[in-house]
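Inside the fold
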Amino acid sequence: DAKTTQPPSMDCAEGRAANLPCNHSTISGNEYVYWYRQIHSQGPQYIIHGLKNNETNEMASLIITEDRKSSTLILPHATLRDTAVYYCIVSPGTQGGSEKLVFGKGTKLTVNP
Amino acid sequence: GAVVSQHPSWVICKSGTSVKIECRSLDFQATTMFWYRQFPKQSLMLMATSNEGSKATYEQGVEKDKFLINHASLTLSTLTVTSAHPEDSSFYICSVEDQQETQYFGPGTRLLVL
């Protein structure tokens, strides 16, 4: 079972910031928070991941709370092409062994014109 | 991130036939690849972990004799659905794991078994 909880759906206006929350209250000290998104009928796309520090790349920012029990993915200026299902996943990541990703139901983000 | 391709992008076959799906890592050598399956309106489910030069590790409930995985090179893994039946119709997606153990996914292969 997925170890994260996300709202099933969210709406956002085009051009505004989209803030997608994720709860992972049982996260272990060695587990990373990964975010992927899946646009309809395509394979998932990697967005960003982090351990405990906030991270930013060209796609998004990831804000992780100090206790690491929740995080927020921020798309600073949402466009219609950002409409997708967003998955928050916790995984041990770089621990010297391959770790599988367990996908939950994710959040269906709809960006409206 | 890693660039991953899959071939074919979609396939229709008759019940009882076998179908081979290819997953290629285009820009780096992938020791580990993963195969997922996604049914309509459901999330991705891991089927197996494929390691180059060794046998794949299958998830519980996935028949290894039905879903044959071959990872003979660092850039290619194949999934063969043997004796396909309509219930095998699904969206099959592979991923590769880079040196930082981040997974990058292919575009997927949609299989329809008639």
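Further up the page is the structure itself.
Overview of the structure.

Reading the values: the criteria
- Residues numbered from 1 in each chain as written.
- Chains lettered and ligands numbered in written order.
- Predicted model: local features only at pLDDT ≥ 70, side-chain atom pairs only at ≥ 80, totals over all residues.
- Heavy atoms only, no water.
- Helix = DSSP H or I, 4+ residues; strand = E, 2+ residues; numbered from the N terminus.
- Rg over C-alpha atoms; globule rule 2.2 N^0.38 Å.
- Buried < 20%, exposed > 50% of the residue type's maximum accessible area, 1.4 Å probe, protein only.
- Contact = heavy atoms within 4.5 Å.
- Areas by Shrake-Rupley, 256 points an atom, 1.4 Å probe, with all protein chains shown as cover.
- Lys, Arg positive; Asp, Glu negative; His and termini not counted.
- Charge placed at Lys NZ, Arg CZ, Asp CG, Glu CD.
- 1 Å grid on protein atoms, 1.4 Å probe; cavity = no way out; pocket = protein on both sides within 12 Å on 5 of 7 lines; lining within 4 Å.
- Points joined across faces, edges and corners; volume = space filled by probe spheres on them.
- Nonpolar A, V, L, I, M, F, W, Y, C, P; charged D, E, K, R; others polar.

1. Some thoughts on the overall build of chain B
Broken down by element type, chain B carries 0 helices and 11 strands. Ordered by position in the sequence, the α and β elements of chain B form the string β-β-β-β-β-β-β-β-β-β-β. Compactness check: chain B gives a C-alpha radius of gyration of 13 Å against a globular reference of 13 Å for 114 residues, within 12% of the reference. With the principal axes as the frame, chain B shows a C-alpha extent of 40 × 25 × 20 Å. Looking at chain B as a whole, 54% of its 114 residues are labelled buried. In chain B, the proportion of contacts linking residues at least 24 apart, taken out of those at least 6 apart, comes to 53%. Total accessible area on chain B is roughly 5600 Å²; 53% of this is exposed by carbon and sulfur atoms. In chain B, 9 positive and 11 negative side-chain charges are present, and the distance between their average locations comes to 10 Å.

2. Digging into the layout of surface pockets
Roughly 690 Å³ of internal volume is contained in the largest pocket. Along the walls of the largest pocket sit 25 residues, with His 40 of chain A together with Gln 38, Pro 40, Lys 41 and Gln 42 of chain B positioned nearest its centre. Of all elements in the fold, only strand S8 (84–91) of chain A together with strand S9 (90–97) and strand S11 (109–113) of chain B reach the threshold of two or more residues within the lining of the largest pocket. Grouping the amino acids of the lining of the largest pocket by side-chain chemistry returns 10 nonpolar, 11 polar and 4 charged. Volume-wise, the second largest pocket comes out at about 340 Å³. Val 102 and Phe 103 of chain A together with Leu 44, Met 45 and Leu 46 of chain B are the residues nearest the centre of the second largest pocket, which is lined by 20 residues in total. When residues in the lining of the second largest pocket are grouped by element, the largest group, 3 residues, is from strand S5 (residues 45–51) of chain B. Considered class by class, the residues forming the lining of the second largest pocket number 10 nonpolar, 5 polar and 5 charged.

None of the figures reported here should be taken as evidence of function without further support.
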